[in-house]
There are 2 protein chains.
Amino acid sequence: MVAPTSQMQSCPSRPRQVLVINVGDELLDGIRENGHLLWLGEHLARRGLPITRSIVVRDNAGEIAREIGASWGAYDLVVTTGGMGPTSDDHTRAAVAAALGVKLVHSAPAEAALRQRFKQITRTVADADLSQCTILEGGEILTNPNGTAPGVFFHRDGSTLVMLPGPALELRPMFENEVVPRLRNVGCACDGEAYVQVRTFGLGAVPLEAIVRPLLGPGMVLTFGTHTGVVDARIASGGSGVTAEQLCDVARKVRDAVGHDFVCTGHASLASIVVEQLRCMEKTVALAESCTGGLLSNAFTDVPGASKVFAGSAVCYANDAKMNLLGIPECLLVQHGAVSAECAEAMASAAAEKFGADYGVAVTGFAGPDGGTAADPVGTVYLGYASPSGVWSRRLFVSGDRLQVKVRAVNTALDWMRRNLHKYCVEDLIQGA
Amino acid sequence: MVAPTSQMQSCPSRPRQVLVINVGDELLDGIRENGHLLWLGEHLARRGLPITRSIVVRDNAGEIAREIGASWGAYDLVVTTGGMGPTSDDHTRAAVAAALGVKLVHSAPAEAALRQRFKQITRTVADADLSQCTILEGGEILTNPNGTAPGVFFHRDGSTLVMLPGPALELRPMFENEVVPRLRNVGCACDGEAYVQVRTFGLGAVPLEAIVRPLLGPGMVLTFGTHTGVVDARIASGGSGVTAEQLCDVARKVRDAVGHDFVCTGHASLASIVVEQLRCMEKTVALAESCTGGLLSNAFTDVPGASKVFAGSAVCYANDAKMNLLGIPECLLVQHGAVSAECAEAMASAAAEKFGADYGVAVTGFAGPDGGTAADPVGTVYLGYASPSGVWSRRLFVSGDRLQVKVRAVNTALDWMRRNLHKYCVEDLIQGA
């Protein structure tokens, strides 16, 4: 990590203009979040193609054609998502062809692939389905092993158009496997990663900037991302000819300056780092959750392979559950309350014991909107941590609504565990991923 | 429910053109999802103002000004989000003023409110902070009780501009409390809800459309939203003069035709409906989760007030945990495996017993990427359900990646519980909300 320069190579020197057009009524009617923008934003930026502007339009041929007509030639790269299927509200293919004045032609390989796929899933091919087998004349078919609608790659006069299907499970592998190599071939994308990202926890963006800014070399571009406690600094060449090695060198200096607030380089989640730490140590963890209500457990189990280190979690909302499942003494709950340092420590110890795990982590607090006391208002959370070398607790106060309190408590618990395990692990555990 | 016509009143007869401009580098660099578009999309559509087009631009004064200049006059309503703060990358206020040729003037009430707020949070007011107290000449200040940057409401020549701050906790109450009443005053928004939404589970969009389409009256507009098993049909007047009563009448017919697949009208989550069912019955539920890893528990605890009916969850990933915490016999795990109908039923019964709850729900399956057998490949999930009248299980198969398997299993488990509890509850339990 902070080292694999073979993964980072020089980018096109001129910054590219990139437009993303997401097609779909459901994105505008508050039905589905525009997850494609988030995903493409990261994956284009990693290839040196940060999105300049993004537009969402309805499933309407006229509107799609108008956006393409207004933007073609002004952008190096235009990416469309959605509207590629066989139904009557799928207009992207025809609208783009009309806007560019390019013919739509039948693609025999696309039809063969579609017939093969339908055979696999034992469906018969209808006429409407075959509409997906047309392509802009002069364009290339992007094969879709996860669905029926192929994508399109079209390059003319220095501008590139990429048309991707709407479902995320189809779009993402198509982008990685079919689009990125072609973007490199036409000199649009970087050969490797376009920036180094340093992930931190606990510092805040302003103090992190004060550390990073003086370490930057000439021409380097610095941006920040914050996610409920996690603060990322991205250091990019910005088309200034800075080499990947120089970026890595800065990232290494940032890591050393940041100390224990350094989480990783790259995009690994806090949970995946703790899982990896435990995996290296061949140790296990169990949880006892009250106010986070299963969210901490869910963060662990989102990591593929977590079952090797994650024993389980007792989500004990009610005091009876804390007593019956975890064996927390009633007198402790009466004397100190369920939201207390004492209860957090007892829960953490009990979780480790009941699940037979090496480590126990507990969260108890007032997530709101009800609950809380004068001394411990809504937003007060106690974390407990039981390890072979002792049991500790800490108190935090989180502002925000119920869901924000849960997320912040989960991230802080994960980060606390990461710090505690840090000394047992090799320094550069996580490859940026 | 499907009845409160006082909540639904007639909308402007001409469809409105609505543009949303979200400002922020982090939205384009894959750092933060554009949650504002999802939220505003729903809340504008509910007021009869479906978004026509949405644009995301960078924190750049020139780009913001260009978008405003290109769109002002072509839209009835333009909403901007972000770039309203005091820092050097907050450009929205100045850029909009430049684009519209309107002066920015100081607002004494805004400054008073800001000074008051800073006093509350014991911060001193810097010069940069005061930049937030300027407003487009002729506009109105939208007060922000949850932050420092006020919003702006500006109406000229039949077009309306609304400028909202970036943080969701500030934007949402400001929209509800400050913006919606003003939009009604200028005749832009409906007085009540603009559509009726019928939420279903288990039918799929195509069969639901076949049921709903023949029930529509002339001029009514039908749209669909799907969310991993949940399928919503929205029936709107589409500016055709259809009354709220007529829409409710159709929704009532859809409910009757859909039968047990009918979930609710409105926007209530499956978890909130089950919580409400249990609250009415004064019963409690406990969970035993394997492959969903805490996500089912988290869905319950996202509902405010869930603690009244939700006893807790044992997230038992490892077989040892299933034995030690839930007392699942080792011979059952050996004979049938942890992913089996027998194990799901035993887990559900054990959860109810250990937590002292009336109902127990269990989920065990292969979420992937590893695991699975020839008979039960990755994506196979067994649900267990223990109730005072018996114990059942069912098997489902879910395609998709690890996270999709988890979400689909959670939704199916919640829906199964909803169906089972349905007969104990009054028909129209949930008011659309």
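Residues numbered from 1 in each chain as written. Chains lettered and ligands numbered in written order. Predicted model: local features only at pLDDT ≥ 70, side-chain atom pairs only at ≥ 80, totals over all residues.

So, the overall build of chain A
- What chain A contains, in helices and strands, is 15 helices and 17 strands.
- Structurally, chain A occupies a C-alpha span of about 80 × 55 × 40 Å along its principal axes.
- Out of the 433 residues in chain A, the part that is buried amounts to 52%.
- When contacts within chain A are restricted to residue pairs at least 6 apart in sequence, those whose partners lie at least 24 apart make up 67%. (Helix = DSSP H or I, 4+ residues; strand = E, 2+ residues; numbered from the N terminus. Buried ≥ 20, exposed ≤ 12 C-beta atoms within 10 Å, placed from the backbone. Contact = placed C-beta atoms within 7 Å.)

Things to note about the sheet that holds strand E8 (residues 159-164) of chain B
- Sheet architecture is open: twelve strands sit in the order E6(A)-E7(A)-E8(A)-E3(A)-E1(A)-E2(A)-E2(B)-E1(B)-E3(B)-E8(B)-E7(B)-E6(B), paired in mixed fashion. Only two strands of the sheet have a single neighbouring strand rather than two, namely strand E6 (140-142) of chain A together with strand E6 (140-142) of chain B. The sheet shows a mean angle of 15° between the axes of neighbouring strands, direction not considered.
- As paired strands, strand E1 (residues 18-23) of chain A and strand E2 (residues 53-57) of chain A are joined by five bridges and run parallel to one another. (Pairing = 2+ DSSP bridges. Axes fitted to C-alpha atoms, helices over the stretch in contact; angles between N-to-C directions.)

Topic: the nonpolar core
- Ranked by internal contacts, the top residues of the largest apolar core, which has 269 residues, are A:Met347, A:Ala351, B:Met347 and B:Ala351.
- If we ignore the near neighbours within four places in the chain, the residues touching A:Met347 are A:Ala288, A:Lys322, A:Leu326, A:Ile328, A:Ala362, A:Thr364 and A:Gly384. (Core = buried A, V, L, I, M, F, W, Y, C linked by C-beta atoms within 7 Å.)

A closer look at the interface of chain B and chain A
- Contact residues are listed per partner, giving 57 residues for chain B and 57 residues for chain A.
- For the side of chain B that touches chain A, the element with the highest residue contribution is helix H2 (residues 35-46) of chain B, accounting for eight residues.
- Partitioned by chemical class, the residues of the side of chain B that touches chain A number 26 nonpolar, 19 polar and twelve charged.
- Sheet analysis places strand E14 (residues 310-316) of chain A next to strand E14 (residues 310-316) of chain B, joined by five bridges and oriented antiparallel. From the neighbouring strand, A:Ser313 faces E14(B), where its bridge partner is B:Val315. (Nonpolar A, V, L, I, M, F, W, Y, C, P; charged D, E, K, R; others polar.)

Here we look at the confidence of the model for chain A
Residues and elements named next belong to chain A.
- On average, residues of chain A score 89 in pLDDT, and 94% of them are at 70 or above.
- Least confident of the elements in chain A is helix H6 (residues 127-130), whose mean pLDDT is 82; most confident is E2, at 98.
- Of the regions scoring below 50 in pLDDT, residues 1-9 engages in 25 contacts with residues more than four places distant in sequence or in other chains.
- Complex prediction metrics read pTM 0.85 and ipTM 0.83. (pLDDT = per-residue confidence, 0-100.)

Describing unusual backbone geometry
- Cis geometry marks the peptide bond from A:Gly368 to A:Pro369; its omega dihedral reads 0°.
- Structurally, A:Pro369 is set in the loop between strand E15 (359-365) and strand E16 (380-387).
- Not every positive phi belongs to a glycine, and A:Glu282 is a case in point at roughly 55°.
- Structurally, A:Glu282 is set in the loop between helix H10 (270-281) and strand E13 (285-289).
- Owing to 9 C-beta atoms within 10 Å, A:Glu282 belongs among the exposed residues under this scheme.
- One non-glycine residue, B:Asp157, lies in positive phi territory at about 50°.

A closer look at the relation of the copies chain B and chain A
- The operation relating chain B to chain A is a screw motion whose rotation component is 180°, with 0.0 Å of axial translation and a residual RMSD of 0.1 Å. Taken together, the rotation angle and the small translation identify this as a two-fold axis.
- When you check the interface residues of chain B against chain A, 100% turn up at the interface there too, and the contact is symmetric in its surfaces. (Least-squares fit on C-alpha atoms with pLDDT ≥ 70 in both.)

What about the sheet that holds strand E10 (residues 221-227) of chain A?
All names here are of chain A.
- One open sheet accounts for four strands, arranged E10-E11-E9-E12; its pairing is antiparallel. Whereas interior strands pair on both sides, the edge strands pair on one side only; in this sheet they are E10 and strand E12 (262-265). Adjacent strand axes in the sheet meet at a mean angle of 20° when their direction is disregarded.
- Where strand E9 (residues 195-201) and strand E11 (residues 230-236) come together, seven bridges link them in antiparallel fashion. Counterpart to Val198 in the pairing with E11 is Ala233.

Focus: the pairing of strand E7 (residues 151-156) of chain A
Residue and element names in this part refer to chain A.
- Taken together, the three bridges between E6 and E7 define a ladder with antiparallel strand orientation. Bridge pairing in E7 places Glu140 opposite Phe153.
- As defined by bridge partners, E7 adjoins strand E8 (residues 159-164) across five bridges and the pair is classed as antiparallel. Paired with His155 across the strands is Thr160, a residue of E8.

Section: the packing of H10(A) against helix H15 (residues 402-422) of chain A
All names here are of chain A.
- Between H10 and H15, the shortest axis-to-axis distance is 9 Å and the interhelical angle comes to 30°. Between H10 and H15, the angle falls in the class roughly parallel. The two elements H10 and H15 cross, and the hand of that crossing is left-handed. Only Asn411, Leu414, Asp415, Met417, Arg418 and Leu421 of H15 make contact with H10, whose side of the interface consists of Leu270, Ala271, Ile273, Val274 and Gln277. (Parallel < 35°, antiparallel > 145°, perpendicular 65-115°, else oblique. Left-handed = near helix turned anticlockwise from the far one by under 90°.)

Points about the pairing of strand E17 (residues 390-397) of chain A
- With eight bridges joining them, E16(A) and E17(A) adopt antiparallel strand pairing. For A:Tyr385, the partnering residue across the bridge sits in E17(A) and is A:Trp392.

Let's talk about the environment of A:Phe355
- Residue position: A:Phe355 is located in helix H14 (residues 341-355).
- Taking the C-beta count within 10 Å as the criterion, A:Phe355 has 28 such neighbours and is therefore assigned buried.
- With residues near it in sequence (within four places) discarded, A:Phe355 still touches A:Ala286, A:Ala311, A:Gly312, B:Ala321, B:Asn324 and B:Leu325.

Concerning helix H12 (residues 319-326) of chain B
- The set of residues buried in H12(B) consists of B:Ala321, B:Lys322, B:Leu325 and B:Leu326. Seen along its axis, H12(B) keeps its buried residues to an arc of 105°; they face one direction. (Arc of directions from axis to C-beta.)

A closer look at the environment of B:Pro167
- Mapping B:Pro167 onto the fold places it in the loop between E8 and helix H7 (168-185).
- Sequence spacing of B:Pro167 and B:His36 is 131 residues, and the spatial spacing of their C-alpha atoms is 9.2 Å.

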